[in-house]
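Spelled out, the chains give:
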Amino acid sequence: MEIPAKYDPSGIEDKWYQNWLNKKYFRSVPDEREPFTIVIPPPNVTGVLHMGHMLNNTIQDVLVRRARMLGKNALWLPGTDHASIATEAKVVAKLKEQGIEKASLTREEFLKHAWEWKEKHGGIILEQLKKLGASCDWDRTKFTMDESMYESVIDVFVDLYNKGLIYRGVRMVNWDPKALTALSDEEVIYKEVKSKLYYLRYKVEGTADEWVTIATTRPETILGDTAVCYHPEDERFKHLAGKRVLVPLIKRSIPMIAAAYVDREFGTGCLKITPAHDINDYHIGLKHKLETIDIFNDNGTLNEKALLYIGQDRFEVRKKIVEDLLSHGHVEKIEDYVNNVGFSERTDEVIEPKLSVQWFLKMADMAAPALEVVMNDTIHFHPEKFKNTYRHWMENVRDWCISRQLWWGQRIPAWYLPDGDLVVAKTPELALEQARKLSGNESLQLNDLKQDEDVLDTWFSSWLWPISVFDGIRHPDNEDIRYYYPTNDLITAPEILFFWVARMIMAGLEYRNDIPFKNVYLTGIVRDKLGRKMSKSLGNSPDPLDLIAKFGADGVRVGMLLTSPAGNDLPFDESLCEQGRNFSNKIWNALRLVKGWQEDARLEQPAYASISVKWFENRLNEAMLQINDHYDKYRLSEALMTAYKLVWDDFCSWYLEMVKPAYQQPIDAATLNASIGFFEKLMRLLHPFMPFITEEIWHLLEDRPEDESIMVALQPDAGNVDETLLSGFQAAAEAVIGIRNVRKEKNIPFKDAIELKIRVTDGSESGAFDPVIGKLGNISSIEYVAEKPGTAAGFMVKACEYYIPLGDGIDLDAEREKLEKELEYTRGFLDSVMKKLGNERFVSNAKPEVVEVEYRKKSDAETRIRLLEEQLQGLKQA
RNA sequence: GGGAGCAUAGCUCAGCUGGUUCAGAGCACCUGCCUUACAAGCAGGGGGUCACAGGUUCGAACCCUGUUGCUCCCA
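Owing to the predicted nature of the structure, the values given are computational and were not obtained by experimental measurement. (Residues numbered from 1 in each chain as written. Chains lettered and ligands numbered in written order. Predicted model: local features only at pLDDT ≥ 70, side-chain atom pairs only at ≥ 80, totals over all residues. Heavy atoms only, no water.)

J.: Can you explain the overall build of chain A? Please cite residues and give values.
T.: Across its full length, chain A holds 26 helices and 29 strands. What you see for chain A is a C-alpha radius of gyration of 37 Å, clearly larger than the 29 Å of a compact globule of 878 residues, by over 25%. Along the longest, intermediate and shortest principal axes, the C-alpha atoms of chain A span 115 × 70 × 55 Å. Counting across all 878 residues of chain A, residues that qualify as buried make up 53%. In chain A, the proportion of contacts linking residues at least 24 apart, taken out of those at least 6 apart, comes to 77%. Carbon together with sulfur atoms contributes 50% to the accessible area of chain A, which is approximately 39,900 Å² in total. Mean positive and mean negative side-chain charge positions of chain A (111 and 138 charges, respectively) differ by 2 Å. (Helix = DSSP H or I, 4+ residues; strand = E, 2+ residues; numbered from the N terminus. Rg over C-alpha atoms; globule rule 2.2 N^0.38 Å. Buried < 20%, exposed > 50% of the residue type's maximum accessible area, 1.4 Å probe, protein only. Contact = heavy atoms within 4.5 Å. Areas by Shrake-Rupley, 256 points an atom, 1.4 Å probe, with all protein chains shown as cover. Lys, Arg positive; Asp, Glu negative; His and termini not counted. Charge placed at Lys NZ, Arg CZ, Asp CG, Glu CD.)

Laid out in structure tokens, this is it:
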């Protein structure tokens, strides 16, 4: 069979993925094996795959594939998140394109459109994950608005309400006037914006021409002013105590008040107070019992309470009111100013602080145990440094605003009675029952009750994810939840440590009395070469599917993982994927080599091959131990790098060269079988990182039955490691390199065989690898000698001297110079060792082992110096 | 303003409890090679005052203090 020289992943990847699906290898049901569970951080149902997903899901697939190959019952449970704000925004935009306004639809009609949209576009991202090779149990795919998931959310809401943990409150919230919903603080992005600082003059009431000047960036909000404030110790304003001033244009009389909150250095030292539209002003308003005048409609236009500009947009009004203030002489001056303005993460609209009635979940009691399990390492964070960040947040946690003014999401199960009382219940029927009891009015009907219009924050469903995907809220004792929970590893981004990770821990402790996962692996952010976060708006994110088409899924996976230790940002560059692809090709060509060998059963195994096989066996064991250790520490990049070097350097560059038969010569059976065995073990080691090529090669290396797959093979076990053999090889490898260097320096082509003479002085050289040195160095004869031969080029490995006789063509001066240089270095080295040993305090204080090492260094250096001196002497005589 | 983290080769990062060639890896770079698996390759090579300044110690990239610079979180 002809194998092409370049590995072409297209076709191969689709073929195997389909095969795995057909064979149900991703499927997991509870059995007697140890479970290993990962639940996917559900991507937004509206989403398309971006580089962050690629990294995150590659890591999950590596972990789950490895667990499967360790004989565990591995489940990777996929799904999507309904992402209320983002999805609703998309559906609204889509409807608008069709000329349909959301406002013209009933809630039911809108939801019908939303579901249609979800059915049509919702699965895209999961299909994309398949291209990456994700080994999810697709039969278990969940969506946060699935009936069972929806009901779980409602159950939890009712339960927490009954426990007294959920309450309604008037709060200043971050209002998104475009999405028409409140946002959590975390959904607000602050950006520096160039704006103006307006100095406005307010007339003091009852005076002819006395004025107070305040500074503001938001002149339109003066219509909601209910006080003007100065610092109580500010001499400039003390005379105004108890007086009142008039709001410009509308001439409303408002009091002058004093509060220490005021920064005397800022602006004029005098400040307008608008409790409805600024969080700080709101608090001052509460303290001073000021009136609160909300001048904005929900969509950011002014309402009738503003008295002026009614129905006009806030930014339009800003321009107009400045003109009007100017023409009425109320503007003292206007300065350029840079301030931080909050924008909606979802709609990029300027956030309006707004007072509104919202639902809140009390956090304090839930946060304490959730902090504890992380601090005492019941849950491990990788890397650990995020424990600090986590603690800081948990110790300063605020109540969670869980209501959103949207339709797409779980509707809050609260019903209002005609008299304004409310009941919370799982169903309208139960609500009615409660309402009758509460009001004492048995004739109340469902029609008399009005359900709350709001839905719950998306995170209020995601925080149940590890439980609700197994239906563990509704049926706490079902087989799945008992078997799969707590899950093992959670792989997510540090940005949502609090939104999501912390809250899942709280929910787990509250509803399972157990942690939701044992390890949290925090990935970095994928950035572009300039260090910018990849984003759609910057257009700096490559399309992952294009990358897969170009480099193969295996190549991209390797590229993503090579330089991304846990918690570190990943500066992404296509060349990383190129490296991954090149690695695939390297493996592929190793296969071509091995498959090209013709076996001759009559052949004896040559000496060079038998020692090579022994060596690689040990090297493989050593590397496997290192790889296991890296996995245990969640150092996936290093596990991959160790495997990469094992394959490329040790297997391809050394082992295969060592055992390779001469051109067009056959190979003995023992070596061939050993080589295929090694190759196959290497494929199993690599499989979690590169699932496709390893499966393809697994089937090409040997004839295997149709239903066999590397996916369900076990990871190889690491045997014992013979250190002596490994260091023997190390020395031999150095000798080979030495010979190559001599060849290069002396211009001796490789095809010319040369003689090698070895002078051993301390008996350390066993000669076990001599056949290998002979093969790789193209040595015609190896001879052990007692004396340095006449004209020869030489080098040393440890205390072993190697000589290549050169006849006449030797440059004595060059040789001498080389030796002298080395002698000088070794003497310097010995000096530093002697200095240390001569230090009385070192010898008496340092650990005995350390001192002993220094003595050994001393004697080694002395031997070496003696040898070098002898050689130099020999050269001088020649 | 409060808190946290980081600073090691051109880039991205390892470096565990201070002590073996501990100053490393990969990539990039330089020099030879189209050698019969692979130029997506082979062989060889150069490159760092471990941010700076002190301190502790027989011994510091590692521990302590300060300085500078960068990043993130909260206000």
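Okay, back to it.
J.: Account for the pairing of strand S1 (residues 35-39), with residues named and values stated.
T.: Most of S1 is tucked away, with four of its five residues classed as buried. Relative to strand S2 (residues 73-77), S1 is paired through five bridges, and the arrangement is parallel. Along S2, the bridge assignment pairs proline 35 with asparagine 73. A crossover connection joins S1 to the parallel S2 through helix H2 (residues 51-69); in handedness this β-α-β unit is right-handed. (Pairing = 2+ DSSP bridges. Right-handed = clockwise from strand over helix to strand, strands pointing away.)

J.: An account of the protein's contact with RNA strand B is requested, with residue identities and associated values reported.
T.: As a structural note, the neighbourhood of RNA strand B is formed by 43 residues, with Arg398, Lys586, Asn589, Arg635 and Tyr663 the closest of them. Among the atoms of RNA strand B close to the protein, meaning within 4 Å, 64% are from sugar or phosphate groups. Contact distances for RNA strand B include 3.3 Å between a phosphate oxygen and a side-chain N or O atom of asparagine 388. In the environment of RNA strand B, a sugar or linking oxygen lies 3.0 Å from a nitrogen or oxygen atom belonging to the side chain of asparagine 582. Contributing elements (two or more residues each) for the surface near RNA strand B: helix H10 (386-395), helix H17 (574-596), helix H19 (636-659), helix H22 (723-746), helix H25 (840-845) and helix H26 (848-877). Examining the composition of the surface near RNA strand B, we find that nine residues originate from one element, H17, more than from any other. Counted by class, the surface near RNA strand B contains 15 nonpolar, twelve polar and 16 charged residues. (Near = heavy atom within 4 Å. Polar contact = N/O pair within 3.5 Å; in protein donor to acceptor, adjacent residues only side chain to side chain. Nonpolar A, V, L, I, M, F, W, Y, C, P; charged D, E, K, R; others polar.)

J.: Summarise helix H15 (residues 497-511); cite the residues concerned and give the values.
T.: The end-to-end C-alpha distance of H15, which contains 15 residues, comes to 20 Å, matching closely the 21 Å that a straight helix rising 1.5 Å per residue would cover. Burial of H15 is extensive: 14 of the 15 residues sit out of reach of the surface. Following H15 by one or two positions, asparagine 513 adopts a phi angle in the positive range, close to 55°. (Expected span 1.5 Å × (residues − 1).)

J.: Can you break down the sheet that holds strand S28 (residues 792-797) residue by residue, with the values?
T.: Ordered by their spatial adjacency, four strands build an open sheet running S27-S26-S29-S28, and the pairing between neighbours is mixed. Each edge of the open sheet is held by one strand with a lone partner, namely strand S27 (779-784) and S28. The sheet shows a mean angle of 25° between the axes of neighbouring strands, direction not considered. Pairing of S28 with strand S29 (residues 800-805), which is carried by six bridges, proceeds in the antiparallel orientation. Note that in S29 the partner of alanine 792 across the bridge is proline 805. This element, H22, spans strand S26 (754-760), S27, S28 and S29 of the sheet and lies at about 150° to S28. (Axes fitted to C-alpha atoms, helices over the stretch in contact; angles between N-to-C directions.)

J.: Got a sec to walk through the packing of aromatic side chains? Specific residues and values, please.
T.: One pass over the full model with this rule turns up 38 aromatic pairs. Aromatic side chains phenylalanine 143 and tryptophan 408 sit 6.4 Å apart centroid to centroid with 35° between the ring planes, which places their arrangement in the tilted category. In this pair, phenylalanine 143 sits in strand S4 (residues 142-143) while tryptophan 408 sits in the loop between strand S17 (403-404) and strand S18 (414-416), placing the two residues 265 residues apart along the sequence. Classification of phenylalanine 143 as buried rests on a relative accessible area of 2%. Pairing tyrosine 644 with tryptophan 648 gives two aromatic rings, centres 5.6 Å apart and planes at 40°, and the pair type is tilted. Within this pair, tyrosine 644 and its partner tryptophan 648 are both found in helix H19, separated by four residues, close to a single helical turn. (Phe/Tyr/Trp six-rings, centres within 6.5 Å; stacked < 30°, edge-to-face > 60°.)

J.: Which residues make up the side chain of glutamine 128, and what values do they have?
T.: With respect to the secondary-structure elements, glutamine 128 resides in helix H5 (residues 124-132). Here glutamine 128 falls in the buried class, since its relative accessible area comes to 10%. Glutamine 128 has contacts with Val48, Leu49 and Leu545, leaving out every residue within four places of it along the chain.

J.: Could you give me a rundown of the environment of isoleucine 611, with the residues and numbers involved?
T.: You can see isoleucine 611 is positioned in helix H18 (residues 607-632). When the C-alpha atoms of isoleucine 611 and phenylalanine 729 are compared, they prove to be 9.4 Å apart, with 118 residues separating the residues in sequence. Apart from the residues lying within four places of it in its own chain, the contact partners of isoleucine 611 are Leu725, Ala768, Phe769 and Val772.

J.: Can you lay out the side chain of serine 709 for me, pointing to particular residues and giving the numbers?
T.: Its place among the elements puts serine 709 in the loop between helix H21 (691-701) and H22. The contacts of serine 709, once residues within four sequence positions are left out, are Trp20, Tyr25, Glu695, Trp698 and His699.

J.: Just give me the short version of the environment of arginine 759, but keep the residues and values in it.
T.: The topology assignment puts arginine 759 in strand S26. Arginine 759 gets classed as buried once you look at its relative accessible area, which sits at 9%. Once the C-alpha coordinates of arginine 759 and valine 785 are considered, the two residues, 26 residues apart in sequence, prove to be 5.2 Å apart. Not counting residues within four places of it along the chain, the set of residues in contact with arginine 759 comprises Val785, Ala786, Glu787, Lys788, Ala799, Cys800, Glu801, Tyr803, Leu867 and Glu870. At a separation of 2.8 Å, a polar atom in the side chain of arginine 759 contacts the side chain of glutamate 801.

J.: Would you mind going over the sheet that holds strand S20 (residues 450-451) in detail, with residue names and values included?
T.: Across the sheet, three strands lie side by side as S19-S18-S20; this open sheet has antiparallel pairing. Lying at the two open borders of the sheet, with one neighbouring strand each, are strand S19 (422-424) and S20. Of the strands in this sheet, S18 and S19 touch helix H11 (residues 428-439), which is tilted by about 135° from S19.

J.: Talk me through the state of the cysteines; I want residue IDs and the actual numbers.
T.: Inspection of the entire model under this criterion finds zero disulfides. Looking at cysteine 270, it has no disulfide partner, and the nearest cysteine sulfur is the one in cysteine 229, 7.6 Å off. (Disulfide = S-S within 2.5 Å.)

J.: Describe in detail unusual backbone geometry, supporting the description with residues and values.
T.: Residue histidine 382 is joined to proline 383 through a cis peptide bond whose omega torsion reads -5°. With omega at 0°, the peptide bond leading from tyrosine 485 into proline 486 counts as cis. Turning to its location among the elements, proline 486 is positioned in the loop between helix H14 (479-484) and strand S22 (487-492). Backbone geometry at lysine 24 places phi at a positive 60°, although glycine is not the residue there.

Shape descriptors only; they carry no functional weight alone.
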